[in-house]
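A look at the structure
Chain by chain, the residues run as shown.
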2 protein chains.
Amino acid sequence: MSFAAASAVTAESAGRYKADIEPGWDIVGNANGGYLMAIAARAAAMAAGGRLPATATAHFVAPGRPGPASIDVQVHKAGRRFTTVGATLADDERPLLAFLGSFADAALPASSVTRIEAAPPDIPPPEECVPIEPTESFPPPFMGKVELRLHPEDASFTSGVPRFRGWFRLRNGEPIDSFGLLVAVDAFPPTVFAAQLPIAWTPTLELTAHIRAVPEPGWLRCLFTTRFISGGYLEEDGEVWDASGRLVAQSRQLALLPTTA
Amino acid sequence: MSFAAASAVTAESAGRYKADIEPGWDIVGNANGGYLMAIAARAAAMAAGGRLPATATAHFVAPGRPGPASIDVQVHKAGRRFTTVGATLADDERPLLAFLGSFADAALPASSVTRIEAAPPDIPPPEECVPIEPTESFPPPFMGKVELRLHPEDASFTSGVPRFRGWFRLRNGEPIDSFGLLVAVDAFPPTVFAAQLPIAWTPTLELTAHIRAVPEPGWLRCLFTTRFISGGYLEEDGEVWDASGRLVAQSRQLALLPTTA
């Protein structure tokens, strides 16, 4: 089943959509956060008349498991340039995530100004990087849906630096659209796994992604870094570049540290 | 009038709060975005039983002007560690912003891990920096409420680098709480004003702030940078450090470029 089908939504009534959380998109049983966010974003985009996400935020309040889901959507404003939409994704029992996004037409009006202060991350070509293959636990089954190739320096998880660099695509070769980018920004292992810190898992509280452009077909070049592990939290900053060398997404998530309690 | 009073909310009915957008917190007539966000956050925090914002996002859909406002609040989940709340701030005529935040108790459970990859920004002491004083237009009247001292290298707006470094406090000496941090992350001039680009204004579409800690009293040390001006958008990344040398807030906003249309 394609990502497009696995994240599809259907309108049920005014402001209410249905979807199915599909198996295979999970990390030891819990659906990938970016995948869940893509489902909510598709419902919100439909309510926004087919506009595409420009900036989207999800707060994750419960783990998602395969099965039927519903999305309640509220259009806050339908403007000339942006439509701002809130949404809640729930399974039969409880809310899974709260979503807020602003959506724009695929082609924004041209701007006279472009200036880039940072180059795409330096990563050897995909064939010289290290693939992550799915297993029953870790790497998770989700790696059967997405294909990651890690920078050789990061692939042993012993770099000592909270950073992952690598390539992303969907296993089935499906083109990655604005919704697929929401999966891309949440698909890599937690940055702290590379830092040799005593941290087994970092659940995501909130993820915000800015979608700058719809990617050209091909591998996505990705960089995820963490600079501040403090106060019980850490951030993970992501950059995603397409095959044509454009920045297509920028992301930041706030994740939780294990507590000593 | 203190910031606390200017951003105060009162409960009106279940899920509905009232506030006043006060004069003086504006930039040529439009209320500062961080100030409006603080009003919404106070209502959401009240609905969260007095918990404080850990991560908060606002999408700005219309400019706010002084006068009465209402905040409709929806608690998505009240959990053991976090309460996730959506809110809409509106004036008498229209919605001004949509808000989504997760709130936590003031003291999070201690974590065993702290690691900081970046030092606080290097800025000369406040008395060696350049104050910004309010005028009727630019600098805006809002600068009578907040006190900024810019890094001498950035103060002439001719550095050529889309970056501002400087100090922030409230003019009246009021301590800055979690809500005041929402003002701090949106108080500096747009980064592009320092880059000598042909851009007169960059309206904010969305602002997300992570609040890592409540600041110690004193000046806040701030850094705002932009790396990617592309696709009709730019991001502004902010870091705010308190007088004790702790990172207290991290922010990112997505702002709009002028169009050639």
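Residues numbered from 1 in each chain as written. Chains lettered and ligands numbered in written order. Predicted model: local features only at pLDDT ≥ 70, side-chain atom pairs only at ≥ 80, totals over all residues.

Regarding the interface of chain A and chain B
- Facing 53 residues of chain A, the contacting portion of chain B comprises 53 residues.
- Its residues assigned to classes, the side of chain A that touches chain B comprises 25 nonpolar, 20 polar and eight charged. (Contact = placed C-beta atoms within 7 Å. Nonpolar A, V, L, I, M, F, W, Y, C, P; charged D, E, K, R; others polar.)

Description of the domain arrangement of chain A
Residues and elements named next belong to chain A.
- Looking at the assigned domains, one finds that chain A contains domain 1 (3-104) and domain 2 (126-256).
- Taking only C-alpha atoms, the centre of domain 1 and the centre of domain 2 are 21 Å apart.
- Each partner contributes residues to the interface: domain 1 has 25 residues there, and domain 2 has 24 residues.
- At the level of elements, helix H1 (3-6), strand S3 (26-27), helix H2 (33-47) and strand S5 (52-60) are the ones that each hand at least two residues to the side of domain 1 that touches domain 2.
- The greatest single-element share of the side of domain 1 that touches domain 2, amounting to nine residues, is contributed by S5.
- For the side of domain 1 that touches domain 2, the per-class residue count stands at 15 nonpolar, eight polar and two charged. (Domains from an automatic or database assignment. Helix = DSSP H or I, 4+ residues; strand = E, 2+ residues; numbered from the N terminus.)

Topic: the relation of the copies chain A and chain B
- Mapping chain A onto chain B leaves a residual RMSD of 0.0 Å; the transformation is a rotation of 180° accompanied by 0.0 Å of translation along its axis. Such values leave the two copies arranged in the relation of a two-fold axis. Of every C-alpha in chain A, the one belonging to Leu100 of chain A sits nearest the axis of rotation, 3.4 Å from it. (Least-squares fit on C-alpha atoms with pLDDT ≥ 70 in both.)

As for H2 of chain A
Residue and element names in this part refer to chain A.
- With 15 residues, H2 should cover 21 Å at 1.5 Å per step; its first-to-last C-alpha distance of 21 Å lies within 8% of that length.
- The buried count for H2 comes to 14 of 15 residues, which makes it a mostly enclosed element.
- Phi turns positive one or two residues past the end of H2, at Gly49, with a value near 70°. (Expected span 1.5 Å × (residues − 1). Buried ≥ 20, exposed ≤ 12 C-beta atoms within 10 Å, placed from the backbone.)

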